[in-house]
Structure formats: C-alpha cells, structure tokens
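Observations on chain architecture
Chain by chain, the residues run as shown.
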Amino acid sequence: MIDAERATVEFCIDHFRKGIRTTLNGEPATRDDLLAVQKADVDAVPDLHWELGELLFDGDRLAARLVNTGTPAKERLGVAPTGASFEIAAPAAHRERKLMTVTLVTGANKGIGFETAKQLLAQGHTVYIGARDVERGEKAAADLGARFVRLDVTDDASVRDALATIGSAEGRLDVLVHNAGVLGSEALDGPTALRVFDTNAVGIVRVTEAALPLLRKSSNPTVVTVSSSAGSFWAVTNPDRPEFQLPLALYSASKAAATMLTVQYAKAQPGIKFNAVEPGTTATDMTAAFGIGRSPEESARTVVELATLDADGPTGTFRDETGVLPW
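The following refers to the structure shown. (Residues numbered from 1 in each chain as written. Predicted model: local features only at pLDDT ≥ 70, side-chain atom pairs only at ≥ 80, totals over all residues. Heavy atoms only, no water.)

This part is about the sheet that holds strand β10 (residues 222–226). In spatial order, the strands read β8-β7-β6-β9-β10-β11-β12-β13; together these eight strands make up an open sheet with mixed pairing. The sheet is open, and its two edges are formed by β8 (147–150) and β13 (323–324), each paired on a single side. Judged from the four bridges that link them, strand β9 (residues 175–178) and β10 form a sheet pairing that is parallel. Bridge pairing in β10 links H178 to T225. Sheet strands touched by helix α3 (residues 111–122): β6 (102–106) and β7 (126–131). Its angle to β7, the strand with the most contacts, is close to 165°. Most of the contacts of helix α5 (residues 156–170) go to β8, to which it runs at about 150°, and overall it touches β6, β7 and β8. (Pairing = 2+ DSSP bridges. Helix = DSSP H or I, 4+ residues; strand = E, 2+ residues; numbered from the N terminus. Contact = heavy atoms within 4.5 Å. Axes fitted to C-alpha atoms, helices over the stretch in contact; angles between N-to-C directions.)

As structure tokens, then:
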C-alpha cells in the first residue's frame, strides 16, 4: 500500500472510530463510500499529494484552502492521462460539531428515560434503550428509531449481556444514563427496602462496573445519574421545598445513596465525568398518585444537557436546570 493510500485509509478509519459524521457530496457517507472514492483517486494518480495552503478559524467555523497535485497514470474524472501534472486549489469550509455518541439509557421505555433517548436521537446520537420488559422496550425503541437491549439493573447477568451486546456492536460507550428507578411507596419494611435500594442504588454499581471498560474506550466518557433532591438533606428539611412534604423514606434514602455513589465514582474515575441530576418534579407513572409534575420532555432537557457535556465539563456535581444544588 503506497503512502497516500495508507494515509487515506487511516484517516477514514479514525473518523468512523471516533463517531464523526462524514458526508460525501452533501449526503451521509459510510466508511466504505469514502474508501472507494479515495482509493480510486490514488489508483489513478499514484503520486497524489494533498497540501494545506491556508487555515482560518472563526469561533466554531473553519475555512481552508487545499492544494492537490499529481500526475494521472489512468483516466480520472473522465479525462485520459497526458503525462501532464495538475495542481488544483479548492476552498473548504467546516463547522465544528459535537461528536456523535453511543449512549445507553436504562429504564428508557417510558417517562424521562424515553424522552432523554428521543432528544438524543434528534441530535444524531446512537441510543440504546435499556429495559427489563422486552415487549415494552422493543416497542419504545421501534417508536423512536433507537436500539434495544434487555437490561434489568437488578440482575448481574442481564447487565453483563446488555453491555456485551453494545460492546460487540459499537466497540465503545460514550454516555451512560442511569435512569431506571422505583418509588417504593407501597410499604416501609425490609423486603421493600431491599427492592428499592437494589434498583435505585445497587443497580448503579452493577451497570457502571459493567460499563467501565467500554467507557474507557471513549474520547469523552460521561455518566449521568437521574437522582432526586428528595435525597437531599437540604431539601427535605426545608419547609419551602416540595420534598419537605413527600412521605417517601425509602425512595429518598436510595436517591441520597445514588447521588453519593455518583460523587464517589467521579473521585475514583477522574477520566470519566460523573454527574447527578435533579430533573424536576415530573408527571410520570411514579408520580401519578400525587398528581403533580411537568412533562417528561421538559425534565429530560437537563439530563440531555449533562449527557452532551464537552470534554472539559464538570464532574462530581449534583445539579438541576439552574445549576449546582446543595444536598
């Protein structure tokens, strides 16, 4: 393989490995599309040489003048070779975009998780919907155009299998959203406490530990925990806060644990951003009995914001749409 062809192949592979969306003549292009075009050019012009003439930056925009030179050995662009060399100067413009991510959202067949997946998909990200109910999960994925993995956060084998599926298909995981949760308002006893903590807190450990190897392969790994200020000492002791009136001991305690786990993971894994979010009081199946809350669509926006942080974004925080919260 000659140097020009090797450089072309490495360039294309690198772009697709990093999740950069690439177009050809204005249309979405696959890795094979790009390789075919570039290999054809190199085959016709063995000494093809690209040179960057000028480079200008303006905010998130970039403009360049590219100079291509070479001596065609075969027909190229419908013109037979004459032995003459060519020099073509071409302008190019580019607007920087966030890299498209591979994201897993647990408990995403409804509510905030569903809306989070929907909004990420609208931005062009690849989203896996994790749900323990296969029928509901597959339907949600089909409705959104997402991908589905069966994932029960209380079952180690289910978690391992789900992450293995994503690893086999994608080779990495950029964003993990811990959204699966239960309310546990039916009783205040040992069995209920075990079930609530197993889902809302232990589930975070199960999924995070299984996901770490794939997250470490990302150029900008991010983990978002959908927590709650119902687990904030500051909020539940403040008569002016709605959490003051909520009789949800197990839910509140498990969310306090979820937020603490997030902070501890942020300290233990400095190369990965971990943040917990209070999405706001939301009208979902979990809160139906209380008759309160805004739409899941609105609450999901803060989750999406944290899921799409730049590489220099915050870590180890608990926040809502207004910023960092005390807890």
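So that's the structure; there's more coming.
Bringing helix α4 (residues 134–144) into the picture now. Every α-helix carries 3.6 residues per turn, so stepping three or four residues along brings you back to the same face. For α4, every residue scored as buried is listed here: G137, A140, A141 and L144. All buried residues of α4 fall inside an arc of 95° around its axis, so they share one side. For α4, the exposed residues set more than 90 degrees away from the buried face come down to E135, K139, A142 and D143. Those residues of α4 hidden inside the fold are in contact with α3, β7 and β8. Regarding α4, its N-cap is D133, as a side-chain oxygen of that residue lies 3.1 Å from the backbone nitrogen of E135 further along. Count one or two residues on from α4 and you reach G145, which has phi positive near 85°. (Buried < 20%, exposed > 50% of the residue type's maximum accessible area, 1.4 Å probe, protein only. Arc of directions from axis to C-beta. Polar contact = N/O pair within 3.5 Å; in protein donor to acceptor, adjacent residues only side chain to side chain.)

In this section: the nonpolar core. Membership of the largest hydrophobic core comes to 24 residues, with the highest contact counts inside it found for I129, L144, V177, V224 and V303. Contacts of V303, omitting those with residues within four sequence positions, involve I112, T116, V177, V224, V226 and V277. (Core = buried A, V, L, I, M, F, W, Y, C linked by side-chain atoms within 4.5 Å.)

A few words on the environment of L173. Looking at the secondary structure, you find L173 in the loop between α5 and β9. Residue classification places L173 among the buried positions, given a relative accessible area of 0%. When the C-alpha atoms of L173 and S218 are compared, they prove to be 6.2 Å apart, with 45 residues separating the residues in sequence. Discounting residues that sit within four places of it in the chain, L173 has contacts with V102, T103, L104, L163, I166, A211, L214, L215 and S218.

Below, the discussion takes up the packing of aromatic side chains. Remark: the centre distance and the inter-plane angle together describe each pair of aromatic rings, the angle taken between the planes. Counted by the stated rule, this structure contains two aromatic pairs. Taking the centre distance of 5.3 Å and the plane angle of 10° together, the rings of Y265 and F274 count as stacked. Taken as a pair, Y265 and F274 share a single burial class, namely buried. Consider the rings of F318 and W327, whose centres lie 6.4 Å apart with planes at 75°: the pair is edge-to-face. Since its relative accessible area comes to 34%, W327 is described here as partly exposed. (Phe/Tyr/Trp six-rings, centres within 6.5 Å; stacked < 30°, edge-to-face > 60°.)

Here we take up the pattern of salt bridges. The full count for this structure, using the stated rule, is eight salt bridges. Across the salt bridge formed by K74 and D43, the nearest N and O atoms sit 3.1 Å from each other. Here D43 lies in helix α2 (residues 31–44) and K74 lies in the loop between β4 (61–70) and β5 (86–95), a separation of 31 residues in the sequence. Here D43 falls in the partly exposed class, since its relative accessible area comes to 43%. Across the pair R206 and D198 runs a salt bridge, and its minimum N-O distance is 2.8 Å. Beyond isolated ion pairs, a larger network of salt bridges with shared partners links D156, D198 and R206. (Salt bridge = Lys/Arg side-chain N within 4 Å of Asp/Glu carboxyl O.)

Secondary-structure assignment places V196 in helix α6 (residues 190–215). Classification of V196 by relative accessible area gives buried; the value is 0%. Excluding residues that lie within four positions of it along the chain, V196 makes contacts with V182, L183, G184, A201, L250, Y251 and S254.

It is worth spelling out empty space enclosed by the protein at this point. The final tally for this structure, using the stated rule, is one cavity of 30 Å³ or more. In this model, the largest cavity occupies a volume close to 40 Å³. Every residue along the wall of the largest cavity is listed here: T106, V153, H178, N179, A180, T199, G203, I204 and V207. Looking at which element gives the most residues to the lining of the largest cavity, the answer is α6, with four residues. Residue composition of the lining of the largest cavity, by class: four nonpolar, five polar and no charged. (1 Å grid on protein atoms, 1.4 Å probe; cavity = no way out; pocket = protein on both sides within 12 Å on 5 of 7 lines; lining within 4 Å. Points joined across faces, edges and corners; volume = space filled by probe spheres on them. Nonpolar A, V, L, I, M, F, W, Y, C, P; charged D, E, K, R; others polar.)

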